[in-house]
Amino acid sequence: MNKQISLEEAVAKVQDGMTIMFAGFLGVGSAVQIIDAIVEKGVKDLTIIANDTAYDNVAHGKLVANHQVKKAIVSHTGTNKETAAQKNAGTLEVKYVPQGTLAERIRAYGAGLGGVLTPTGLGTVIQEGKQIINVDGKDYILEKPLKADIAFLRANIVDEDGNMVFLGTTQNFNPLMAMAADYVVVEAEKLVKSGEIAPEQIHASGIFVDGIYLEK
């Protein structure tokens, strides 16, 4: 099956009001060319799920700076001054999630779990409005799964089936987000024939990938 698509096809399904996952850590491991195309498309009222809001001129941080995001579910925002400005102005809702909890909530959806139990955030604003479950005398916060309409990933090497290889820390949230969206597109630095990547070198399976965009 040929999964390779154009940049236009990669963003064709993005519509106003969607929930989108963007892999990456401050733009490292992010699908920057696809994100630029989303900025140009001008869709609005997006909910984004990401580790952070990057910088105001980098990766999905551009979407925030361009006022295309209405809600951000992230672990931190300190590097994007636009996030703070819009949050303070009441035009952007920010839901902070501890980084490890964010990863586990994304993984929970992909694994078909009803949520994860964590002590992280007990006694803080993190637990407000959430169910507390006691296990063997110890309290945990029930953190529910996170999913998206679309996930945009970025890999260094992808084969024709969508099997992915990430170099160094670019792996970050990419494999988790591959399992947590209805539609998954990976932006690839290099595309190789199926079978060229040794099975033990594959970091995330192509079974989750719907489209492959090869960087220009």
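The structure this text deals with has already been given above.
A brief look at the structure comes next. None of these values were measured; they are calculated from a predicted model. (Residues numbered from 1 in each chain as written. Predicted model: local features only at pLDDT ≥ 70, side-chain atom pairs only at ≥ 80, totals over all residues. Heavy atoms only, no water.)

**Section: the layout of surface pockets**
Volume-wise, the largest pocket comes out at about 410 Å³. What lines the largest pocket is a set of 21 residues, among which Lys 95, Val 97, Arg 105, Lys 130 and Glu 143 lie closest to the centre. When residues of the lining of the largest pocket are traced back to their parent elements, those giving at least two are strand 3 (46-49), strand 4 (69-74), strand 5 (93-96) and strand 8 (138-143). The biggest single contributor to the lining of the largest pocket is strand 5, with 3 residues. (1 Å grid on protein atoms, 1.4 Å probe; cavity = no way out; pocket = protein on both sides within 12 Å on 5 of 7 lines; lining within 4 Å. Points joined across faces, edges and corners; volume = space filled by probe spheres on them. Helix = DSSP H or I, 4+ residues; strand = E, 2+ residues; numbered from the N terminus.)

**Re helix 5 (residues 99-110)**
In this model, helix 5 (12 residues) spans 17 Å end to end at C-alpha, consistent with the 16 Å of a helix rising 1.5 Å per residue. Of the residues making up helix 5, those classed as buried are Thr 101, Leu 102, Ala 103, Arg 105, Ile 106 and Ala 108. On its buried side, helix 5 packs onto strand 2 (19-22), strand 3, strand 4, strand 6 (116-118), strand 8 and helix 6 (174-178). One or two positions beyond helix 5, positive phi appears at Gly 112, with a value near 75°. (Expected span 1.5 Å × (residues − 1). Buried < 20%, exposed > 50% of the residue type's maximum accessible area, 1.4 Å probe, protein only. Contact = heavy atoms within 4.5 Å.)

Read these as layout, nothing more, since geometry by itself doesn't imply function.
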